[in-house]
Each structure stands twice: as structure tokens, then as C-alpha cells.
Amino acid sequence: MKKLVLIAALGFSVLGFAQKDEMKTLKKIYDKDEISTEQLEDYKMAITSLSSMNLEEDDKVYFEYFKSLVPLADLKLKGKVSKAVDMITVLNRENLSILGASFKAVLDYEKKTGKEKYTADIKDIKDKFLPDMKASAFDLNGKKQFKAASELFYSMYLFDKEDFASLENSAITAVQAEDMVFAESRYKDLLDSGYTAEGTNYYAINIASGSEESFNSAVQRSMFIAAKTHNTPRDEKKASKRPEFARMYAIILNQNKKVDLAIDAYKLAIELNPDDSEMRINYAALYYGKGEMETYKTILEDAIKIDPNNPKIYFNIGYSSLNGEQALVDEINKNISNKKKFDELVAQRNDLYVKVLPYFEKAYELDPTDANTISILKYSYKVLKMDDKAAKL
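About the thresholds
Residues numbered from 1 in each chain as written. Predicted model: local features only at pLDDT ≥ 70, side-chain atom pairs only at ≥ 80, totals over all residues. Heavy atoms only, no water. Pairing = 2+ DSSP bridges. Helix = DSSP H or I, 4+ residues; strand = E, 2+ residues; numbered from the N terminus. Axes fitted to C-alpha atoms, helices over the stretch in contact; angles between N-to-C directions. Contact = heavy atoms within 4.5 Å. Polar contact = N/O pair within 3.5 Å; in protein donor to acceptor, adjacent residues only side chain to side chain. Parallel < 35°, antiparallel > 145°, perpendicular 65-115°, else oblique. Left-handed = near helix turned anticlockwise from the far one by under 90°. Nonpolar A, V, L, I, M, F, W, Y, C, P; charged D, E, K, R; others polar.

A. Inspection of the sheet that holds strand 1 (residues 199-206) at higher detail. The sheet built from three strands is open, its strands ordered 2-1-3 with antiparallel pairing. Edge positions in the sheet fall to strand 2 (212-215) and strand 3 (230-238), since each has one partner strand and no second. Each neighbouring strand pair of the sheet contributes to a mean axis angle of 30°, computed without reference to strand direction. Direction of pairing for strand 1 relative to strand 2: antiparallel, over a ladder of four bridges. Looking at the pairing, Tyr 203 lines up with Ser 214 of strand 2. With respect to the sheet, helix 11 (residues 218-226) is in contact with strand 1, strand 2 and strand 3, its orientation differing from that of strand 3 by roughly 165°.

B. Representation of the side chain of Asn 310 in the model. Mapped onto the fold, Asn 310 is located in the loop between helix 15 (293-306) and helix 16 (311-321). A polar atom in the side chain of Asn 310 sits 3.1 Å from the side chain of Asp 307. When residues no more than four places from it in sequence are discounted, the contact partners of Asn 310 are Ser 277, Glu 278, Ile 281 and Leu 366.

C. Region of the structure containing the packing of helix 12 (residues 242-255) against helix 13 (residues 259-272). Two numbers describe how helix 12 lies on helix 13: the axes approach to 8 Å, and their chain directions differ by 160°. Viewed along their axes, helix 12 and helix 13 adopt a mutual orientation that is roughly antiparallel. As for how helix 12 packs across helix 13, the hand of that crossing is left-handed. The segment helix 12 lies against helix 13, with Arg 242, Pro 243, Ala 246, Arg 247, Tyr 249, Ala 250, Ile 251, Leu 253 and Asn 254 engaging Val 259, Leu 261, Ala 262, Ala 265, Tyr 266, Leu 268, Ala 269 and Leu 272. Each residue belonging to the contact of helix 12 with helix 13 can be placed in one class, and the counts come to 14 nonpolar, one polar and two charged.

Structure (C-alpha cells):
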């Protein structure tokens, strides 16, 4: 038994030395400005060897980092002969996602340990690639190549999961590209991230030009004011964008035939921005589509409390209240020979129009130019034998 334990212990010791040798190989090749084909093969072999080993946290974090850099190492080997297509191949969505995850793991680990081995290198890599990627994405957007722009913005976000502005741009351009499946996922990402875009805009007037300019921070603006090139500073608070994210997510879900999820998204949007009556109208419309008229009208009645001067709300409540009128008219026509039944049904129809008339009158009062309102109000007056009022429309 003792011999077996010694043999096992020796095995672990050899394995430990192998790990250290492979990690040394990776670090040595990583530090080189130029690499040869043979060195790249050694780098990849070390990655393969370490993939099957149980690594301590330190080695695990840095192994994943070195592993994520293999595509960049391939690009580095080509050096000056590399082409734009090579860059595009390397900076695909999958590789950028892996790079981004490994970068974050290293930054978090080095922040925890207080030992910065590769933090500066990661910053340099980001500084090298991100500006060109951003410029390319905005160039694609400017050329109305929205789908390509959306995908590139999303890749930038995967590369740096703190770059929520790129995630937002990806969502916006996906809508412009009419790629609603991709847009749905991106707006869900925005909501799940907790990103709000809240903050402060910093402005000051350029004395020479007289125009107001924006600054990245109050400190940067103070430098220009101290240099007496700018004056009249002002701050502007940026409101949270989460209500807009929720609203767009709800609209897109509905467009993608996911009505129940859209209802939940609208509930969130209304919770985040309870004073937006238009959002309530759109929310109510989902229940209209489901045939749930009472819920539809209840939501619109709430919208009136927020926006009492919106003619569209009054019109919609009145119109939806006439939902069962056609069935009533059909019954009236069937009972022309049955005077008692006929009179009862006509009275029911009249009662219906008496109830909806105030809504149409209010809608007309608020907007006397709307053709639909004029038409239905005139018809309502005729049903109720108010011909004098109908004639004035």
C-alpha cells in the first residue's frame, strides 16, 4: 500500500511539474514581439496539454487567457502580410466572446489579488482593436448596412461586457435592419443587464465660436474653463433609458407574435414610466387583439386619468364598446315581424349608443378634424334620432 501511495504521489508531482513547464512555455511565447511557426505550434501544444489537467485558480485563470489569445497569435504570425479578411475572421463573434470572458476573468482576479500581471496588456489589446471596430460599425450604420452594423456592435459588447452603449446600438440597428428576432434578444440583454444610461452631460460655451460643446466629464470641462477657452458651464441629467428599453422590447415581442411576453414587458414599462399614456394605449391594444374588451377598456380608462386631453383614448373606448353591436343588428333584422322582440332589441341598441356617445363627443371636442371621429359621431346621432346634431357635422 505504501508503495502504491508513493507511486501516486510521484504521479501528482510529475503532473505538477508538467503544468509549470507548459505554463512557462505559454508565458515565454506570449512575451515575444514576433513568433515563428514552430513557436506557435509549441504554444498550441501547451494549450492542448493543459486542457486535460486540473489547474489551480491562478493557473486556470491565466490558462484561459492564453487559450483565448490563440486566434490573435495566428494573426500575429502573419504579421504585415495579414489582410483585412484575416482580421474579420479572427474578430468573429465567438472569438470575441471568448476573449471578452477571459479578459474579464483576468481583470477580476488581478483586482482581487492586487497583482497586475496582464491588466495593462488587456487594456492595450482593447485600445488596439476597439477604436477600429467602433469606427467600422458606425461606418456601416452610415451606409445603412444596418444588419452588419448591428452584428458588429454586438461583437464589441461581447468583447467588453461593460460596453453597454454598443449593446444599445446593436439593438437599435437591429430594428433598423428589421431583424426583429435579433432585436428581441438584444433588448432582452439590455433589460437583463440593469443598464440605465443614467448620468450627467457636461456643457460649456466655446468663447471663440460661441457654440455650446459637450465634455466627457466635469474635470475635463474645468480644464477648458481654467484655460479661459470656454465659459457658462451647465449640467444636464440623463434620464434612465430602461422604460424605453422595456417599451421597445414589448413592441418587438408583439411583432414576433409573443403576446403574453409582450404583456409582461408592457407591465414593466408602465411600472418604470407610469405617466406615459401612449404606452398604456399600446398595452391595451394587446388585450383588444385577444378579444378581452373589458380589460382593454379598463386600461384605457386608467390612461384617461393620466392624459385627459387625448382624443384617441376617448374614441377607442367608445369604439370598443360597440364591439357587440353587429350581433345585435343581426338579431333586430331577424325579428322584424316580431314587434315586441324587435322593439326590445332596438331599445338595447339605443342604450348602447347612449353609453358610448359621451366618448365620441369628447373625442370630437378635443379634435374636431378627425375624419373617423366625425363619421362615427354622426352615425351615433342618427341612430339616436338626433338628426339636428348629425346635420351640423
